[in-house]
Amino acid sequence: MHKIKVAFMGEGELLQSVIGAVLEQKLLPPENILLSQDCEEGKAFEGKGVTFYPDTMNAVVKAEFVVACASKKRELGTALAPVMGCTRGRILMALCPGIDVAYISERVVKGTEILAAPVEQAENGSYHTRMEFSKDFLPFQVEPCRDIIGSVCALDDFD
């Protein structure tokens, strides 16, 4: 079990799947899963010990890692817009079809370590991805990221 605090944000089925898998596999203590009260997908986890904040920005500020999920690039950009100024010093894991580190780095402040996971869904409903890290990503931070993303996605080779 990792003792890090992780804010989950975004939209869609993938977001709910990641949060559910992290809880089910006990990758984090439930209280270290930080959600916004205005996140529709997060409402499914009320009463499960997760921590709720009034909005996404407050959850991100309290977190060391941030997981951002979206079903389309445009929606990921929209989800990141309100928190783009408070990601410095944090690790941002983005799960979304068609993304890469360059796309994410244009939407967050410098000093944010980025992991881009361009998720694809197979015909059977399963997800798979590869992990692309920003050049400043520290090696000891890879394991918790791999565990969180691997909880819901089969991991292809990563860059």
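Here the structure is a predicted model, which means the values were calculated and not measured.

Asker: How should the sheet that holds strand β8 (residues 127-129) be read in this particular structure?
Answerer: Strand-to-strand pairing in sheets goes through backbone hydrogen bonds, with the strands running parallel or antiparallel. Pairing within the open sheet is mixed, and its 3 strands lie in the order β7-β8-β10. Edge positions in the sheet fall to β7 (120-121) and β10 (153-155), since each has one partner strand and no second. Sheet topology places β8 next to β10; 3 bridges connect them, and they run parallel. Considered in β10, the bridge of Tyr 127 is made with Cys 153. Lying over the sheet, helix α5 (residues 142-150) contacts β8 and β10, oriented at roughly 130 degrees with respect to β10.

Asker: How do you make sense of the environment of Val 6 when you look at a structure like this?
Answerer: Secondary-structure assignment places Val 6 in strand β1 (residues 6-10). Along the primary structure Val 6 and Asn 32 are separated by 26 residues, whereas in three dimensions their C-alpha atoms are 6.2 Å apart. Sequence-distant contacts of Val 6, defined by excluding residues within four places in its chain, comprise Leu 28, Asn 32, Ile 33, Leu 34, Ala 63, Phe 65, Val 67 and Ile 148.

Asker: Explanation requested: the sheet that holds strand β4 (residues 65-69) in the structure shown.
Answerer: Here 7 strands make up an open sheet; going across it, the order is β3-β2-β1-β4-β5-β6-β9 and the pairing mixed. At either margin of the open sheet sits one strand with a lone partner, and together these are β3 (51-53) and β9 (132-133). Relative to β9, strand β6 (residues 113-117) is paired through 2 bridges, and the arrangement is antiparallel. Among the inter-strand pairings, Leu 115 is bridged to a residue of β9, identified as Phe 133. In the packing of helix α1 (residues 13-24) onto the sheet, contacts are made with β1, β2 (33-36), β4 and β5 (91-95), and the angle to β1 comes to roughly 155 degrees. Running over the sheet, α5 touches β1, β4, β5, β6 and β9 and is turned about 25 degrees from β5.

Asker: Any chance you could explain the side chain of Thr 129 here in plain terms?
Answerer: Turning to its location among the elements, Thr 129 is positioned in strand β8. There is a polar contact of 3.3 Å between the side chain of Thr 129 and the backbone oxygen of Pro 118. Thr 129 has contacts with Ala 117, Pro 118, Val 119, Ile 149, Cys 153, Ala 154, Leu 155 and Asp 156, leaving out every residue within four places of it along the chain.

Calculation rules
- Throughout, residues of each chain are indexed from 1 in the direction in which the sequence is written.
- Only residues with pLDDT of at least 70 are given local features in this predicted model, and only at 80 or more are side-chain atom pairs given and counted; all residues enter the totals for whole chains, interfaces and linings.
- The side-chain figures draw on all heavy atoms in the structure; neither hydrogens nor water molecules are used.
- Two strands qualify as a pair provided DSSP detects at least 2 bridges between them.
- Strands are runs of DSSP state E lasting at least 2 residues, helices are runs of H or I lasting at least 4, and numbering of each runs from the N terminus.
- We call two residues contacting when some pair of their heavy atoms lies within 4.5 Å.
- Axis lines are fitted through C-alpha atoms, for helices just across the contact stretch, and the angle between N-to-C directions can take any value from 0 to 180 degrees.
- Contacts described as polar in this section are N or O atom pairs within 3.5 Å, which, within protein, must combine one atom able to donate a hydrogen with one able to accept it, while residues neighboring in sequence count only if both atoms come from side chains.

These figures come from the coordinates and say nothing about function on their own.
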